[in-house]
Amino acid sequence: MKWIYSVSLAVSLAMQPALAETLPGNHPMTEQARDAFVNQLLKKMTLDEKIGQLRLISVGPDNPKEAIRDMIQKSQVGAIFNTVTRQDIRAMQDQAMQLSRLKIPLFFAFDVIHGQRTIFPIPLALASSWDLDAVKEVGRVSAYEAADDGLNMTWAPMVDVSREPRWGRGSEGFGEDTWLTSEMGRSMVQAMQGKSAADRYSVMTSVKHFALYGAVEGGRDYNTVDMSPQRMFQDYLPPYKASLDAGSGGVMVALNSINGVPATADSWLLKDLLRDKWKFKGITISDHGAIKELIKHGVASDPQEAVRIALKSGVDMSMSDEYYSKYLPDLVKRGDVSMAEIDDAARHVLNVKYDMGLFNDPYSHLGPKESDPQDTNAESRLHRAEARDVARKSIVLLKNRLETLPLKKSGTIALIGPLADSQRDIMGSWSAAGVAKQSVSLLQGMRNATEGKATLLYEKGANVSDNKGIQDFLNLYEPAVSIDTRSPQQMIDDAVAKAKQADVVVAAVGEAQGMAHEASSRSDLIIPPNQQRLLAALKATGKPLVIVLMNGRPLSIVNEDRMADAVLETWFSGTEGGNAIADVLFGDYNPSGKLPVSFPRSVGQIPIYYNHLPTGRPYNFAKPNKYTSHYYDAVNGPLYPFGYGLSYTTFTVSPVKMSSPTMARDGTVEASVTVTNSGQRDGATVVQMYLNDPVASISRPVQELRGFKRIMLKAGESQTVTFKIDVDALKFWNQQMQHVAEPGKFNVMIGLDSVRTENAQFNYL
Ligand code: BGC
């Protein structure tokens, strides 16, 4: 690549020798060198150039190239997102490096949430694997493919803890638990950034959405959040902190307000907490158009005020609005925003550019022009084996009556359902630069598995929804969901005819990917009624019924569950989804996934999460009592609990052995169980450890995940699993907002889900 910038280097050196040190060079990747370099650079920058660094624009294929080029040349833009090919990225970087005054490189970002070209299972599914190595695999491959497309940054991971299945964006996160989400977020950051975000195949991460976006009221997207400080610090903030401690260079600011203050205007959040307490040195980026939205939030009366508030609150870079460029110059002239504040924001942008290695080599993620892929979607650029491996691990077996599964690769199998032959839906939301045509539908996956061995019949049976309003919603921007024009009854009749010819029926039902997305909140959690009717008709054939769920949130499936002989939760499992699901259906892979969310019986139970606080009147199944905390018209508790998932083999867990009955102040104690594969097949499972502080200065959750281990056991094999418990695992935020571990008794619960556990105790001295 040297030739491109050696030309620009020669030109600029001849024109402005004083700028030599800002150009590509050999800058050491240390904080000290970076700070010195960035300070020098800031001294050379005009106010407009500094403000230009704060502007992040979306450039898709339809953008007017001339206008963009002009902005880059005039140093009016600091970074670009939504451009995903090396050719297009290079054209813009050339513009910055050859024609802008200071030749400050741009950085390029994109939403790489669960893969770039190869699409992995959605994050909620990744969380179901409880497998940090698998998550790291996803991070590494995604970063590799993104960096290979010329990208420097990703808007990921999303670590918004959510107990709100109505919220469509739960699909992008890691579920309802703080500990699991923290582990997943940390692993993703470590994998994507690698040793250094500057490395050729690393990308810098930008953890989002800071903060508490997963707790929007009623699960309605963009809605407000109101939360006690204890809950905030105990349950919702740790995953962001974990991702930042892992080195995430970016933070994306949430669109919601918190206790009345929009995050974009929250100097407590973005300065006191993030910068002063957590010592974050990277960049904060507004979410899409969020600065403008301060007016609608009702905290700014006009654009200029919105800009002043956002900048002063600590939002460094504005995404997709021209407000900073338009209003900051005047605000600085009038003294409403100081030069020091502008410098701080610009410094953060330049810092991350330095950390991305862009001042050493603005083309580091592009390589020489000659190496650009001829076909960005070439099959050879995909990582199918990795995608299949991870997808299999993320599938959860919810029910398996009389060992209906695994299926035999013989006889006749009817595959029915609106999601069975969909290459688009199986990729899930935020499928980055993935191409639907390259993904393996369930139909294709089952064909691959059964070819020459079994007869596979297929019928769609129902549209995703018969509701015209929902169909239009799903197809608003693109023909995402194909609508069969046969009458609903005709579709069911055709499906039943196929089912009758088969030995077993597999029904692929649930949600289209667009139903679990940004701005896809639901007021109900049911499988759409027309799909329910299809299932009832299939059940009526008397054939064994296997439900393969595809969905981006827990659904309320009490009736469907009752009808089914087996239920497989596959979420949206990505490019290799069809093959992976077939692997599980036919027993080529023994399912090992565990739910990262509770499955409510109905939408009315929300919020329902495993780590709730006790009440003064707990409900007791064994001795039901009217004046206890429950609904009189529903069974208490979830349909499927957090941490739950079956296998084709069985496991037993021994009683818990404590290394000591006591734990010294600031010491540690160990809890062990022996897990045995008591069945006939080899298989993996996840051993989960929960703690409970039964008497404390404030009520503490009935149980909280504090450790887990995924283990693989051959049939008949046993393994002892030991969890080390340290003082951090006991700590909580007390009424005075001190992070403390209080002496006293602690309960330890270890099991293969959150409900059936072996229990022990220790005393914290
Ligand atoms: C979403 C972010 C996303 C951004 C850029 C916004 O609408 O809330 O999660 O990163 O768009 O695509």
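By the naming in an unreviewed UniProt entry, the protein chain is Periplasmic beta-glucosidase, taken from Pantoea deleyi. As its UniProt record puts it under Sequence similarities (unreviewed entry), the protein chain is described as follows: "Belongs to the glycosyl hydrolase 3 family." According to UniProt, the comment filed for the protein chain under the heading Catalytic activity (unreviewed entry) is "Hydrolysis of terminal, non-reducing beta-D-glucosyl residues with release of beta-D-glucose."

**Q** Sorry if this is basic, but what is going on with the overall build of the protein chain here?
**A** Of the regular secondary structure elements, the protein chain holds 22 helices and 27 strands. Taken over C-alpha atoms, the radius of gyration comes to 27 Å for the protein chain, in line with the 27 Å a tight globule of 765 residues would show. For the protein chain, the C-alpha atoms occupy an extent of roughly 80 × 65 × 50 Å along the three principal directions. The buried share among the 765 residues of the protein chain stands at 61%.

**Q** I'm lost on the nonpolar core in this one. Help?
**A** The biggest cluster of nonpolar side chains holds 129 residues, and the ones touching the most others in it are Phe107, Phe210, Leu237 and Leu328. Ignoring any residue separated from it by four or fewer positions in sequence, one finds Leu328 in contact with Ile51, Leu54, Val307, Leu311, Tyr323, Val337 and Ile342.

**Q** What should I look at first to understand the site of the ligand in this one?
**A** Taken together, Phe81, Asp111, Trp155, Arg169, Lys208, His209, Met252, Asp287, His288, Met319, Trp430 and Glu518 make up all the residues around the ligand. A distance of 2.6 Å separates an oxygen atom of the ligand from a polar side-chain atom of His209. A distance of 2.5 Å separates an oxygen atom of the ligand from a polar atom in the side chain of Asp287. In isolation the ligand exposes 310 Å². Once the protein is present, 92% of that is buried. Split into classes, the residues belonging to the shell around the ligand amount to five nonpolar, two polar and five charged.

**Q** What is the right way to read the environment of Asp633 from this model?
**A** Relative to the elements of secondary structure, Asp633 occurs in the loop between α22 (577-585) and β17 (651-653). Distance in space between the C-alpha atoms of Asp633 and Gly25 is 70 Å, their sequence separation being 608 residues.

**Q** Please clarify how the layout of surface pockets should be interpreted in this entry.
**A** Where empty space is left in the structure can be found by rolling a water-sized probe over the atoms. Roughly 980 Å³ of internal volume is contained in the second largest pocket. What lines the second largest pocket is a set of 30 residues, among which Tyr609, His612, Asn636, Gly637 and Pro638 lie closest to the centre. Split by residue class, the lining of the second largest pocket holds 16 nonpolar, twelve polar and two charged.

**Q** Sorry if this is basic, but what is going on with the packing of helix α7 (residues 132-148) against helix α8 (residues 178-193) here?
**A** Pairs of packed helices are described in terms of their axes, by the angle between the two and the distance that separates them. At a minimum axis distance of 8 Å, the contact between α7 and α8 shows a crossing angle of 40°. Relative to α8, α7 is oriented so that their crossing is right-handed. Along the contact surface, α7 presents Leu132, Val135, Lys136, Val138, Gly139, Arg140, Ser142 and Ala143, while α8 presents Glu183, Met184, Ser187, Met188, Gln190, Ala191 and Met192. When grouped by side-chain class, the residues that make up the contact of α7 with α8 number eight nonpolar, four polar and three charged.

**Q** Looking at this structure, how should I read the packing of aromatic side chains?
**A** The relation between two aromatic rings is expressed through the spacing of the ring centres and the mutual angle of the planes. For the structure on display, the rule yields 21 aromatic pairs. A ring pair is formed by Phe746 and Phe762, whose centres lie 5.6 Å apart and whose planes are at 10°; its orientation type is stacked. Here Phe746, found in strand β26 (residues 744-751), pairs with Phe762, found in strand β27 (residues 757-764); they are 16 residues apart in sequence, far enough to count as distant. The exposure class assigned to Phe746 is buried, which follows from its relative accessible area of 2%. On the basis of relative accessible area, Phe762 is assigned to the buried category, the value being 1%.

**Q** What is the right way to read the environment of Phe621 from this model?
**A** Following the sequence through the fold, Phe621 ends up in the loop between α22 and β17. Of the residues examined, Phe621 reaches a relative accessible area of 57% and is grouped as exposed. Excluding residues that lie within four positions of it along the chain, Phe621 makes contacts with Val635 and Asn636.

**Q** Would you explain the pattern of salt bridges in this entry?
**A** When the charged atoms of two side chains with opposite charge come close together, those side chains can pair. Taken as a whole and judged by the stated rule, the model has 48 salt bridges. The residue Glu31 makes a salt bridge to Lys281 at a minimum N-O spacing of 3.0 Å. Here the residue Glu31 occupies a position in helix α2 (residues 31-44), and Lys281 occupies one in the loop between α11 (267-277) and β9 (283-285), the gap between them amounting to 250 residues. Judged by relative accessible area, which is 43%, Glu31 ranks as partly exposed. Overall, Lys281 belongs to the partly exposed group, its relative accessible area being 45%. Salt-bridge contacts for Lys731 lead to Asp728; the nearest nitrogen and oxygen are separated by 3.6 Å. Several salt bridges share partner residues, and in doing so they unite Arg86, Arg90, Arg117, Asp148, Asp149, Arg200, Asp372 and Arg381 into one network.

**Q** Would you explain the environment of Thr615 in this entry?
**A** Structurally, Thr615 can be placed in the loop between α22 and β17. For Thr615, a relative accessible area of 40% corresponds to the partly exposed category. Along the backbone, Thr615 and Ser629 are 14 residues apart, and their C-alpha atoms lie at a distance of 7.3 Å. One polar contact links the side chain of Thr615 to the main-chain amide nitrogen of Arg617, over a distance of 3.1 Å.

**Q** Hey, could you run me through unusual backbone geometry in this one?
**A** If a residue is not glycine, its phi is most likely negative; likewise, a peptide bond is most likely trans. Cis peptide bonds are those with omega within 30 degrees of zero, and the linkage from Lys208 to His209 qualifies with -10°. As for its position among the elements, His209 is in strand β5 (residues 204-210). Going from Ile606 to Pro607, the amide bond is cis rather than trans, its omega being 0°. Along the chain, Pro607 turns up in the loop between α22 and β17. The backbone of Tyr222 sits at a positive phi, close to 70°, despite the residue not being glycine. The topology assignment puts Tyr222 in the loop between β5 and α9 (229-236). At Lys279, a position not held by glycine, the phi torsion is positive, near 60°. Within the secondary structure layout, Lys279 lies in the loop between α11 and β9. Residue Lys279 is classed as exposed on the basis of its relative accessible area, which comes to 57%.

Here is what the cut-offs are and how they apply
Residues numbered from 1 in each chain as written. Predicted model: local features only at pLDDT ≥ 70, side-chain atom pairs only at ≥ 80, totals over all residues. Heavy atoms only, no water. UniProt positions renumbered as here; feature names shortened; annotations may be inferred. Helix = DSSP H or I, 4+ residues; strand = E, 2+ residues; numbered from the N terminus. Rg over C-alpha atoms; globule rule 2.2 N^0.38 Å. Buried < 20%, exposed > 50% of the residue type's maximum accessible area, 1.4 Å probe, protein only. Core = buried A, V, L, I, M, F, W, Y, C linked by side-chain atoms within 4.5 Å. Contact = heavy atoms within 4.5 Å. Near = heavy atom within 4 Å. Polar contact = N/O pair within 3.5 Å; in protein donor to acceptor, adjacent residues only side chain to side chain. Areas by Shrake-Rupley, 256 points an atom, 1.4 Å probe, with all protein chains shown as cover. Nonpolar A, V, L, I, M, F, W, Y, C, P; charged D, E, K, R; others polar. 1 Å grid on protein atoms, 1.4 Å probe; cavity = no way out; pocket = protein on both sides within 12 Å on 5 of 7 lines; lining within 4 Å. Points joined across faces, edges and corners; volume = space filled by probe spheres on them. Axes fitted to C-alpha atoms, helices over the stretch in contact; angles between N-to-C directions. Left-handed = near helix turned anticlockwise from the far one by under 90°. Phe/Tyr/Trp six-rings, centres within 6.5 Å; stacked < 30°, edge-to-face > 60°. Salt bridge = Lys/Arg side-chain N within 4 Å of Asp/Glu carboxyl O.

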